[in-house]
Amino acid sequence: MDKNRLSKTLSVALNIQITKEAHASQIYLSYASWAASQGFGGIANFLFRHAQEERNHMMKILEYILKRCGDAHITAIPAPPENPATIHSCFEKVFEHEVDNTKSVYKLVKMSFEEEDWATWNFMQWFVKEQVEEETLAINLIDKLKMAGGEKASSYALYSFDRDLEKASDKSISAQDVTTENP
Ligand code: OFO
């Protein structure tokens, strides 16, 4: 008896998304290390936390594939891009990565809709909501940085921005504890 409840196409796409989430985690991890090396402890803390969140997203998809008795493949993760030149460009890049990830989430939603795989369609709605939150968060931070002077932000403005992020909570929710209401 074949217990696999995922089509070959969706299984491949979900596995690609696992690698994309792992890659996103590596990007946050590398930007966090860069920010820490520049003395921005608050920004680093924020980015390290997001690295963990992306890893949780990866686990969430892996667990879903296994729950549906599909084939999960763990592959190599592409290297993160070069370090950003400034804090402003760091957050612009974060936003661009999130938009890119949103596109692949939408692709999965479309595929599951076309296949009438309502379980996967429903599962992916969590990611649709999560991406809205992550894009909004990145946009808000870029707006704050613009107010602080953007690329020309003074050391004091960056110091205040860093201190604000330092105060943000350190807790990232594990994939298994996440709900649609509390992503
Ligand atoms: Fe950027 O959040 Fe994962 O999917």
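Residues numbered from 1 in each chain as written. Predicted model: local features only at pLDDT ≥ 70, side-chain atom pairs only at ≥ 80, totals over all residues. Heavy atoms only, no water.

Across its full length, the chain holds five helices and zero strands. Relative to the compact-globule value of 16 Å for 183 residues, the chain shows a C-alpha radius of gyration of 18 Å, a close match. Each principal axis of the C-alpha atoms in the chain carries an extent, and together these give about 65 × 30 × 25 Å. By residue count, 44% of the 183 residues in the chain fall in the buried class. Taking contacts inside the chain between residues at least 6 apart in sequence as the whole, the part at least 24 apart equals 81%. When the accessible surface of the chain is totalled, it reaches about 10,100 Å², and 55% of it is carbon and sulfur. Counting 20 positive and 27 negative side-chain charges, the chain places the averaged centre of each group 1 Å from the other. (Helix = DSSP H or I, 4+ residues; strand = E, 2+ residues; numbered from the N terminus. Rg over C-alpha atoms; globule rule 2.2 N^0.38 Å. Buried < 20%, exposed > 50% of the residue type's maximum accessible area, 1.4 Å probe, protein only. Contact = heavy atoms within 4.5 Å. Areas by Shrake-Rupley, 256 points an atom, 1.4 Å probe, with all protein chains shown as cover. Lys, Arg positive; Asp, Glu negative; His and termini not counted. Charge placed at Lys NZ, Arg CZ, Asp CG, Glu CD.)

A word on the environment of Asp71. Here Asp71 shows up in the loop between helix H2 (41-67) and helix H3 (87-115). Sequence separation between Asp71 and Val12 is 59 residues, and the spatial gap between their C-alpha atoms is 8.6 Å. Discounting residues that sit within four places of it in the chain, Asp71 has contacts with Asn4, Ser11, Asn15 and Ile65.

Now for the packing of H2 against H3. At a minimum axis separation of 13 Å, H2 and H3 run at an interaxial angle of 15°. The pairing of H2 with H3 is recorded here as roughly parallel in orientation. Where H2 crosses over H3, the two elements pack in a sense that is left-handed. Counted together, Ile43, Phe46, Leu47 and Glu54 of H2 and Ile87, Cys90, Phe91, Val94 and Glu98 of H3 form the full contact between these two elements. (Axes fitted to C-alpha atoms, helices over the stretch in contact; angles between N-to-C directions. Parallel < 35°, antiparallel > 145°, perpendicular 65-115°, else oblique. Left-handed = near helix turned anticlockwise from the far one by under 90°.)

Under the definition given, this model contains seven aromatic pairs. Pairing Phe46 with Phe91 gives two aromatic rings, centres 6.0 Å apart and planes at 45°, and the pair type is tilted. Taken together, the positions of Phe46 in helix H2 and Phe91 in helix H3 put the pair 45 residues apart, joining distant regions of the chain. As far as burial versus exposure is concerned, Phe46 and Phe91 are alike and both buried. (Phe/Tyr/Trp six-rings, centres within 6.5 Å; stacked < 30°, edge-to-face > 60°.)

Applying the stated criterion across every chain, the model contains two salt bridges. Here Glu114 ties to Lys110 by a salt bridge, and the two come within 3.1 Å at their closest N and O atoms. Here Glu114 pairs with Lys110, and both are found in helix H3, just four residues apart, close to one helical turn. Of the two residues, Glu114 and Lys110, both sit in the exposed class. (Salt bridge = Lys/Arg side-chain N within 4 Å of Asp/Glu carboxyl O.)

What follows is about a nonpolar patch on the surface. Taken together, Phe113, Trp118 and Trp121 make up a surface patch of nonpolar side chains, about 340 Å² in accessible area. Topologically, Trp118 is positioned in helix H4 (residues 118-147). Residue Trp118 is classed as partly exposed on the basis of its relative accessible area, which comes to 44%. (Patch = residues over 30% accessible without salt bridge, like charges linked within 9 Å, V, L, I, M, F, W, Y side chains within 5 Å.)

With that out of the way, let us pick up the packing of helix H1 (residues 8-37) against H3. At a minimum axis separation of 11 Å, H1 and H3 run at an interaxial angle of 170°. In terms of their interaxial angle, H1 and H3 are classed as roughly antiparallel. Split by residue class, the contact of H1 with H3 holds 13 nonpolar, six polar and six charged. (Nonpolar A, V, L, I, M, F, W, Y, C, P; charged D, E, K, R; others polar.)

Soluble, globular proteins show a tendency: their nonpolar side chains are buried together. Core analysis: the largest hydrophobic core is formed by 24 residues, its most contacted members being Ala35, Ile43, Leu47, Ile87, Phe91, Phe161 and Leu165. At the level of secondary structure, the elements contributing two or more residues to this core comprise H1, H2, H3, H4 and helix H5 (155-166). Of all the elements, H1 adds the most residues to this core, at six residues. Discounting residues that sit within four places of it in the chain, Leu165 has contacts with Gly42, Ile43, Asn45, Phe46, Phe91 and Leu141. (Core = buried A, V, L, I, M, F, W, Y, C linked by side-chain atoms within 4.5 Å.)

On average, residues of the chain score 92 in pLDDT, and 92% of them reach the 70 mark or higher. Across the chain, H1 holds the top mean pLDDT of 98, while H5 sits lowest at 92. (pLDDT = per-residue confidence, 0-100.)

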